[in-house]
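Single-letter residue listing:
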Amino acid sequence: MLGLAAATARVQWNSSRWQWRAAFSTMPYNVIHKPVLLEQVLEQLAPKAGGTYCDLTFGDGGYTKAILDRYDCKVVAVDQDPIAYEKALQMASMETYRGRLFPWLGRFGQIHSLVKKHKPDWSVPCFDGIVMDIGVSSGQLETASRGFSYKLDGPLDMRMFSRGRDAGPNPEHQTAEAELLERSISAYEVVNYFSRDQIADIIYQYGGDRVSRKIASAIVDARQHAPINSTAELAAIVNKACPQPRWQRGDDDMVRNSAARTFQAIRIFVNDELGELRSALRATEYLLKPQGRLAVVTFHSLEDKIVKTFMQHGAGRRSVQDAAVNQFHIKRAVHRQQLKSGRRRGQVDEMLHQQQQPVIGEPSFTLCTKHVIQPSLEEREENSRSRSAKLRAVERTAAPPLEPFGALSTDKIEPRRAF
């Protein structure tokens, strides 16, 4: 029976794969990025005819196209990448999607401000569903001039809202692109001007590399002789400093490079990806209508932890106060008090309960699934970049926002924070 189920799943996957390829063959632009967990995202998002949905990370338009093709609804497509925005404009000009697709150029963390800017007549909440695919797209990785990949030689940039360090904005969208670039720094500035400790902290915090200080020292030493201008130069410096054995992860056969974590860390910092994710999640409590759904696809543990925390708090599984409290520190402090005072176990448990002071309001979300959704073996074999993807989904209730990440920020875009 298990073999029959596996064979059936493979047939269904092959069928959906060919349907996807046939659908995107009609697009007016070259489609590079393949949407991950597409069928599962649509199942959790559950679009309905007449609804208004928001794709906060348009990319190549995978989720947006599937929603518009299968349901008679409208989609707001947001992306900070000017190249992805132009693709959205081309798609919106097609007869099939005219009047149903609305492209907006901007950071997905500023979605609340973008709604007020582009649709001031809309009342909030305004969306029946929101989908996010967090991380870098295949198109960005495979374009050397964008400076994202350690495998391709190009100028150091890594800004998702830039066309490349040596390219200027499109004259047709110059004002909007200039606003995104105004308070930004590229990977070039991080690598060539940040201190040794700052670089080490970035690599450790966002890349999780235990030899971050060794890598940072190698970068600082190398730039004393000449500026580090390209991705190939940076990758060579990291590999020389840490000639770790090439390693594998999980059940895939993808061979990795020791520079991967360094590039990931710098990219996350340059684009403030985790901060943008928190801001976007915070806005969903205000923008989603009751029974509207939020579906989020993440690709590494830092993103998934933020999404899981937000959804658990919103669903009332944990108190809102726990969001800013380290439970380990509380338990350690109580244990020390126990040792000093010689109190019994029951008294210590009571102290711990009093210190935590759980306050759970009426849930603003309900969890759509009991467990996280991950790609099938067939999808991982077809698309190796989907191997670490995780999908989580929640449904908005009619309760007021619980604001586990704090109140909604002002409309102003905050200046780029110093590390």
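Here's a quick rundown of the structure. Residue numbers run consecutively from 1 along every chain, following the written order of its sequence. Confidence filtering applies because this is a predicted model: local features only for residues at pLDDT of at least 70, side-chain atom pairs given and counted only at 80 or more, and all residues used for totals across whole chains, interfaces and linings. Derived side-chain values reflect all non-hydrogen atoms in the structure, with water molecules and hydrogen atoms excluded from consideration.

## As for the overall build of the protein chain
The following threshold applies: Here a helix means four or more residues in a row that DSSP labels H or I, a strand means two or more in a row labelled E, and each is numbered from the N terminus. Between buried and exposed lies partly exposed: a residue is buried under 20% and exposed over 50% of the maximum accessible area for its type, with that area taken using a 1.4 Å probe on protein chains only. Residue contacts are defined here by distance: any two heavy atoms, one from each residue, within 4.5 Å place the two residues in contact.
Of the regular secondary structure elements, the protein chain holds 17 helices and seven strands. Expressed as a percentage of the 419 residues in the protein chain, the buried residues total 50%. Pairs at least 24 apart in sequence give 72% of the contacts found in the protein chain among residues at least 6 apart.

## Notes on the nonpolar core
The test is simple: Throughout this description, the term nonpolar core refers to a set of buried Ala, Val, Leu, Ile, Met, Phe, Trp, Tyr and Cys residues connected via side-chain atoms within 4.5 Å.
Leu 56, Ile 111, Phe 127, Met 132, Leu 234, Leu 281 and Leu 294 are the most contacted members of the largest nonpolar core, which has 66 residues in total. When residues in this core are grouped by element, the largest group, seven residues, is from helix 12 (residues 260-271). In contact with Leu 56, not counting residues within four places along its chain, are Val 78, Phe 108, Ile 111, Ile 130, Val 131, Met 132 and Ala 280. If you look at the next biggest cluster of nonpolar residues, it comprises 31 residues, including Leu 38, Tyr 53, Cys 73 and Ala 88.

## Some remarks on the packing of aromatic side chains
Quick note on the threshold: Under the pairing criterion, centres of Phe, Tyr and Trp rings, with the six-membered ring standing for Trp, must be within 6.5 Å; the plane angle then separates stacked pairs below 30 degrees from edge-to-face pairs above 60, leaving the rest tilted. Whether a charge sits over a ring comes down to the Lys NZ or Arg CZ being within 6 Å of the ring centre and within 35 degrees of the ring normal.
For the structure shown, the criterion picks out seven aromatic pairs. Aromatic pair Trp 122 and Phe 127: ring centres 6.0 Å apart, planes at 85°, arrangement edge-to-face. Cluster of aromatic residues (ring-pair linked, three or more members): Trp 104, Trp 122 and Phe 127. Between the NZ or CZ atom of Arg 107 and the centre of the ring of Phe 161, over which it lies, the distance is 4.8 Å. Above the face of the Phe 102 ring, Lys 119 is positioned so that its terminal group lies 4.8 Å from the ring centre.

## Topic: helix 4 (residues 82-92)
Put simply, the rule reads: Pairs of N or O atoms are called polar contacts if they sit within 3.5 Å, as long as, within protein, a hydrogen donor faces a hydrogen acceptor (for residues adjacent in sequence, only side-chain-to-side-chain pairs).
Most of helix 4 is tucked away, with eight of its 11 residues classed as buried. When helix 4 is considered as a whole, its buried residues turn out to be Pro 82, Ala 84, Tyr 85, Glu 86, Lys 87, Ala 88, Met 91 and Ala 92. At the N-terminal boundary of helix 4, the capping side chain belongs to Asp 81, with an oxygen 2.9 Å from the backbone nitrogen of Ile 83.

## A word on unusual backbone geometry
Among all residues except glycine, the phi angle is most often negative; among peptide bonds, the trans geometry is most common. Between Val 124 and Pro 125 the backbone carries a cis peptide bond, its omega angle lying at 10°. As for its placement among the helices and strands, Pro 125 is situated in the loop between helix 5 (111-118) and strand 4 (127-133). With a phi close to 70°, Met 158 is a non-glycine residue in the positive phi region. Mapping Met 158 onto the fold places it in the loop between helix 6 (138-141) and helix 7 (174-182). Residue class for Met 158 comes out buried when judged on its relative accessible area of 0%.

## Some words on the sheet that holds strand 7 (residues 390-396)
The following threshold applies: Two strands are counted as paired when DSSP detects at least two bridges linking them. Each axis is a line fitted through C-alpha atoms, taken for helices only over the stretch in contact, and angles between the N-to-C directions span 0 to 180 degrees.
Sheet architecture is open: seven strands sit in the order 3-2-1-4-5-7-6, paired in mixed fashion. Edge positions in the sheet fall to strand 3 (101-105) and strand 6 (365-367), since each of these pairs with one other strand and no more. When the angles between neighbouring strand axes are averaged without regard to direction, this sheet yields 20°. The pairing of strand 4 with strand 5 (residues 288-298) spans six bridges and is classified as parallel. Across the sheet, Phe 127 pairs through a bridge with Leu 288, a residue of strand 5. Sheet strands touched by helix 4: strand 2 (74-79) and strand 3. Its angle to strand 3, the strand with the most contacts, is close to 160°.

## Thoughts on the pattern of salt bridges
Spelled out, the test is: What counts as a salt bridge is simple: a side-chain nitrogen of Lys or Arg found within 4 Å of a carboxyl oxygen of Asp or Glu.
Enumeration according to the criterion identifies 15 salt bridges in this entry. The partner of Lys 289 in a salt bridge is Asp 128, and the shortest N-O contact between them spans 3.7 Å. Placement of Lys 289 in strand 5 and of Asp 128 in strand 4 is noted, with a sequence separation of 161 residues between them. Overlapping salt bridges, with partners in common, bring together Asp 197, Asp 201 and Arg 213 in one network.

## What to know about the packing of helix 11 (residues 231-241) against helix 12
Inclusion rule: If an angle is under 35 degrees, it is roughly parallel; if it is over 145, roughly antiparallel; if it lies from 65 to 115, roughly perpendicular; otherwise it is oblique. Asp, Glu, Lys and Arg are counted as charged, while Ala, Val, Leu, Ile, Met, Phe, Trp, Tyr, Cys and Pro are counted as nonpolar; the rest, among them Gly, fall into the polar class.
One can describe the packing of helix 11 onto helix 12 by two numbers: an axis separation of 9 Å at closest approach and a directional angle of 125°. The orientation of helix 11 relative to helix 12 falls into the category oblique. In this structure, helix 11 contributes Thr 231, Leu 234, Ala 235 and Val 238 to the contact, and helix 12 contributes Thr 262, Phe 263 and Ile 266. In terms of residue class, the contact of helix 11 with helix 12 is built from five nonpolar, two polar and no charged.

## Focus: the pairing of strand 4
As a general feature of sheets, a regular strand has side chains that alternate between the two faces. In terms of residue burial, strand 4 counts as a mostly covered element, since six of its seven residues are buried. Relative to strand 4, strand 1 (residues 52-55) runs parallel, the two being bridged by three bridges. Bridge pairing in strand 4 links Cys 54 to Ile 130.

## Things to note about the packing of helix 9 (residues 196-207) against helix 12
Where helix 9 meets helix 12, the axes come as close as 8 Å, and the angle between the chain directions of the two elements is 95°. Compared by their axis directions, helix 9 and helix 12 come out roughly perpendicular. Note on element contacts: helix 12 touches helix 9 through Arg 261, Thr 262, Gln 264, Ala 265, Ile 266, Ile 268 and Phe 269, opposite Ile 202, Ile 203, Tyr 206 and Gly 207. Of the residues that constitute the contact of helix 9 with helix 12, the class distribution is seven nonpolar, three polar and one charged.

## Some details on helix 10 (residues 212-223)
In plain terms, the rule: A helix is expected to span 1.5 Å multiplied by its residue count minus one.
The terminal C-alpha atoms of helix 10 lie 17 Å apart, and with 12 residues this matches the ideal 16 Å at 1.5 Å per residue to within 8%. Where helix 10 is buried, its residues touch helix 8 (187-193), helix 9, helix 11 and helix 12.

## Examining the pairing of strand 5
Direction of pairing for strand 5 relative to strand 7: antiparallel, over a ladder of six bridges. Each bridged residue has a counterpart across the sheet, and for Leu 294 the counterpart in strand 7 is Val 394.

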